[in-house]
Amino acid sequence: MNDYSSVIYNEVKAAVQAKYPKCFCTTASVSSDDSRLPALYVSFSFPYEDEATADSSGVEKWTQTVISVEAYSGTSEQEARGIVKAVDARLRQSGFRRSNYTKVPNADPSIRRISATWRGKVNKSGEVAA
């Protein structure tokens, strides 16, 4: 499997914090004591091997990669959208294609949340094909 999640995460985090320096970015679950807003939660999944992209020995040349994010803001929906926009710009530049963008209702009405998902195939060199 071609796992470049840490490289991709660091690039996304840098892009978001360039525009929102106080944004808390993480890939791990956060307890309520550790949380602060604005925040970005990033998760990676590798839903299946793509047999069509394996080489003749059966080794996977391209790994299907799904990146999901949730952006949280305590001030405005615009801020949450801006965080996702920064992620989108960085991932599109890398070759990922966004497949979902949703405003998510939250139990706490003072917190605005936007979620989005990107998909792409990553090869062993880290190149991405949508």
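It should be emphasised that the depicted structure is a prediction, and the values quoted were computed from it without experimental measurement.

Asker: Give me helix α2 (residues 77-94): which residues, what numbers.
Answerer: Given a rise of 1.5 Å per residue, 18 residues ought to cover 26 Å, and the 26 Å separating the end C-alpha atoms of α2 matches this to within 8%. Buried within α2 are the following residues: Glu79, Ala80, Gly82, Ile83, Val84, Ala86, Val87, Asp88 and Leu91. Next to the buried residues of α2 lie α1 (5-19), β2 (39-45), β3 (62-73), β4 (97-104) and β5 (112-123). Where α2 terminates, the next one or two residues include glycine 95, which has phi positive at roughly 115°.

Asker: Just give me the short version of the side chain of threonine 26, but keep the residues and values in it.
Answerer: Inspection of the secondary structure puts threonine 26 in strand β1 (residues 24-26). Judged by relative accessible area, which is 13%, threonine 26 ranks as buried. Setting aside residues up to four positions removed in sequence, threonine 26 forms contacts with Tyr9, Leu40, Tyr41 and Val42.

Asker: Please give an account of the pattern of salt bridges that cites residues and values.
Answerer: Side chains that differ in sign of charge can pair as their charged atoms come close. Evaluated as defined, the whole model comprises six salt bridges. A salt bridge links arginine 90 to glutamate 11; the shortest N-O distance between them is 2.9 Å. One end of the pair, arginine 90, is in helix α2; the other, glutamate 11, is in helix α1, with 79 residues separating them in the sequence. With relative accessibility at 29%, the residue glutamate 11 sits in the partly exposed group. The residue lysine 103 makes a salt bridge to glutamate 77 at a minimum N-O spacing of 3.0 Å. Of this pair, lysine 103 sits in strand β4 while glutamate 77 sits in helix α2; the two residues are 26 residues apart in sequence, bridging distant segments of the chain. Its relative accessible area of 52% is what places lysine 103 among the exposed residues.

Cut-offs applied
- Residues numbered from 1 in each chain as written.
- Predicted model: local features only at pLDDT ≥ 70, side-chain atom pairs only at ≥ 80, totals over all residues.
- Heavy atoms only, no water.
- Helix = DSSP H or I, 4+ residues; strand = E, 2+ residues; numbered from the N terminus.
- Expected span 1.5 Å × (residues − 1).
- Buried < 20%, exposed > 50% of the residue type's maximum accessible area, 1.4 Å probe, protein only.
- Contact = heavy atoms within 4.5 Å.
- Salt bridge = Lys/Arg side-chain N within 4 Å of Asp/Glu carboxyl O.

These results come straight from atomic positions and should not be treated as a statement about function.
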